[in-house]
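Coordinate inspection notes
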Amino acid sequence: MKKPRVSVIICTHNREMYLNRAMECVALQNADSSLFELIVVNNNSTDSTDSICKEFRARYTNLNFSYIIEMEQGLSHARNRGIKEAKGDLIVFLDDDAFAEPDFVKNLIAFYDLHPPVLSTGGKTVPLFEEEKPAWMSSFLLPLVAAMDLGPEARLFPKGWYPIGANMSFRKAAVELIGNFDVLLGRKGKNLQGGEEKDFFNRLKSKGHEPWYLPTTEVRHIIPASRMSINYIRRQARGIGYSERVRTKSLGLFSYWGKCFSEKMKWIASIVLFLFYLITLRAQKAVFLLRFRFWVSQGLFFGRE
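In short, a report on the structure.

Procedures and definitions
Residues numbered from 1 in each chain as written. Predicted model: local features only at pLDDT ≥ 70, side-chain atom pairs only at ≥ 80, totals over all residues. Heavy atoms only, no water. Helix = DSSP H or I, 4+ residues; strand = E, 2+ residues; numbered from the N terminus. Rg over C-alpha atoms; globule rule 2.2 N^0.38 Å. Buried < 20%, exposed > 50% of the residue type's maximum accessible area, 1.4 Å probe, protein only. Contact = heavy atoms within 4.5 Å. Areas by Shrake-Rupley, 256 points an atom, 1.4 Å probe, with all protein chains shown as cover. Core = buried A, V, L, I, M, F, W, Y, C linked by side-chain atoms within 4.5 Å. Axes fitted to C-alpha atoms, helices over the stretch in contact; angles between N-to-C directions. Parallel < 35°, antiparallel > 145°, perpendicular 65-115°, else oblique. Left-handed = near helix turned anticlockwise from the far one by under 90°. Pairing = 2+ DSSP bridges. Salt bridge = Lys/Arg side-chain N within 4 Å of Asp/Glu carboxyl O. Nonpolar A, V, L, I, M, F, W, Y, C, P; charged D, E, K, R; others polar.

What follows deals with the overall build of the protein. From N to C terminus, the protein includes nine helices and nine strands. Radius of gyration (C-alpha) of the protein: 19 Å, near the 19 Å computed for a compact globule of 305 residues. Taken over the C-alpha atoms alone, the protein extends approximately 60 × 40 × 40 Å along its principal axes. Across the 305 residues in the protein, those meeting the buried criterion constitute 51%. For the protein, the share of sequence-separated contacts (at least 6 apart) that also reach a separation of at least 24 residues comes to 80%. Looking at the protein as shown, the accessible area adds up to about 14,300 Å², and 57% of this sits on carbon and sulfur atoms.

Spelled out as structure tokens, the structure:
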């Protein structure tokens, strides 16, 4: 079989409700099927993921499809396993509840072919709320639901921004340059830690390779009602802070104290936004911004998970 150009990797853990659709969106790409492969890494799911993947393989016999079980728990472990199994020179990671548009692979290849020096990209990610978007959700909190829209043109990511795991890609040469995802970071089972993507792209940036935003590689990302609960957002925010605590401390105390100073600056910005939302009669958005900042600080300053 001809070596594929692109390896699309979906790492999954107990997402039986959305996984089949996510896989089908890859299978139904309008690019020639010889140009890409689909790799699904099952990270110890206890639902019907195994049977879903085996039935999918039986339906799409012409698709270059690999189904892998990774026993080491953790998203970073699963991603690294996917990279190890990948045959393509271009690596794509999609979430197991993210649905790629039909021209995703075709547009991805075209961009990388036109820009040989570019090592990584992040695409447009449109949130699909299963229920009505909560009243407390402001534009400043949209990154919590992996929303990404930086406009209609390809461009470098702004300073402080980086691709998100629901829709990111890089050349295999990037891994050869900086190594895999840090297994001390990222989600493991039910915890909501992160930081592994930021760490990966920061290491690339340190080598002089900035990521590009690519709007023509678009996915639609399901946001279930369970992820909009106050308890979930609290755990997610603490996970963000805790992950930054782990990531920056691994770089040294200077990096950690720099992050703590940055968090204090974010408190000032949050208070300004709080006042703005209050003045414009959007009290729920105002209050929730401060609650979110408080939870992040709990994780960063006190190690609360």
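Next comes the rest of the account.
Before going further, it helps to examine helix 3 (residues 75-85). Owing to its 3.6 residues per turn, the α-helix brings residues three or four apart onto one side. Among all positions of helix 3, only S76, H77, A78, R79, N80, G82 and I83 are buried. Close packing links the buried residues of helix 3 with strand 1 (6-12), strand 2 (36-42), strand 4 (90-94), strand 8 (167-171), helix 5 (172-178) and helix 6 (196-206).

V6, I10, M23, L38, F65 and L94 are the most contacted members of the largest nonpolar core, which totals 36 residues. With seven residues, helix 1 (residues 16-27) is the largest single contributor of residues to this core. Other than its neighbours up to four places away in sequence, F65 contacts M23, L38, V40, C53, F56 and R57. Listed in part, the 20 residues of the second largest apolar core include V41, L119, I178 and F201.

As a further point, take the packing of helix 7 (residues 230-251) against helix 9 (residues 283-302). At a minimum axis distance of 6 Å, the contact between helix 7 and helix 9 shows a crossing angle of 40°. Relative to helix 9, helix 7 is oriented oblique. For the element pair helix 7 and helix 9, the recorded crossing hand is right-handed. Side by side, helix 7 and helix 9 meet where I230, I233, R234, A237, R238, I240, G241, Y242, E244 and R245 of the first sit next to F288, R291, F292, W295, V296, Q298, G299, L300, F301 and F302 of the second.

This paragraph deals with the pairing of strand 6 (residues 120-129). Two strands pair when backbone bridges link them, and strand 6 and strand 8 are joined in this way by three bridges, in the antiparallel orientation. Each bridged residue has a counterpart across the sheet, and for T121 the counterpart in strand 8 is S169. In this sheet, strand 9 (residues 212-223) lies alongside strand 6 in parallel orientation, the contact comprising nine bridges. Paired with P127 across the strands is H221, a residue of strand 9.

The next subject is the pattern of salt bridges. Following the criterion strictly, the structure yields 19 salt bridges and no others. With its nearest N and O atoms 2.9 Å apart, the salt bridge here joins D50 to K54. Taken together, the residues span about one helical turn, with D50 and K54 both in helix 2 (residues 49-59) at a distance of four residues. We note a salt bridge from E218 to R220, for which the minimum N-O separation is 3.3 Å. The class for E218 is buried, based on a relative accessible area of 15%.

The next subject is the pairing of strand 4. Along a regular strand, successive side chains alternate from one face of the sheet to the other. Within strand 4, five of the five residues are buried, leaving the element largely enclosed by the surrounding structure. The pairing of strand 1 with strand 4 spans five bridges and is parallel. Within strand 4, the residue paired with V8 across the bridge is V92.

Before going further, it helps to examine the packing of helix 8 (residues 253-279) against helix 9. Two elements in contact, helix 8 and helix 9, have axes separated by 8 Å at closest approach and are oriented at 170°. Overall, the two elements helix 8 and helix 9 adopt an arrangement that is roughly antiparallel. Listed contacts from helix 9 to Y256, K259, C260, E263, K266, W267, S270, I271, L273, F274, Y277 and L278 of helix 8 are A283, K285, A286, V287, L289, L290, R293, F294, V296, S297, L300 and F301. Split into classes, the residues belonging to the contact of helix 8 with helix 9 amount to 17 nonpolar, two polar and five charged.

In this section: unusual backbone geometry. With a phi angle near 55°, N14 is a residue other than glycine that sits in the positive phi range. Here N14 shows up in the loop between strand 1 and helix 1. Positive phi is not limited to glycine here, since L281 has a value of about 60°. With respect to the helices, strands and loops of the structure, L281 is situated in the loop between helix 8 and helix 9.

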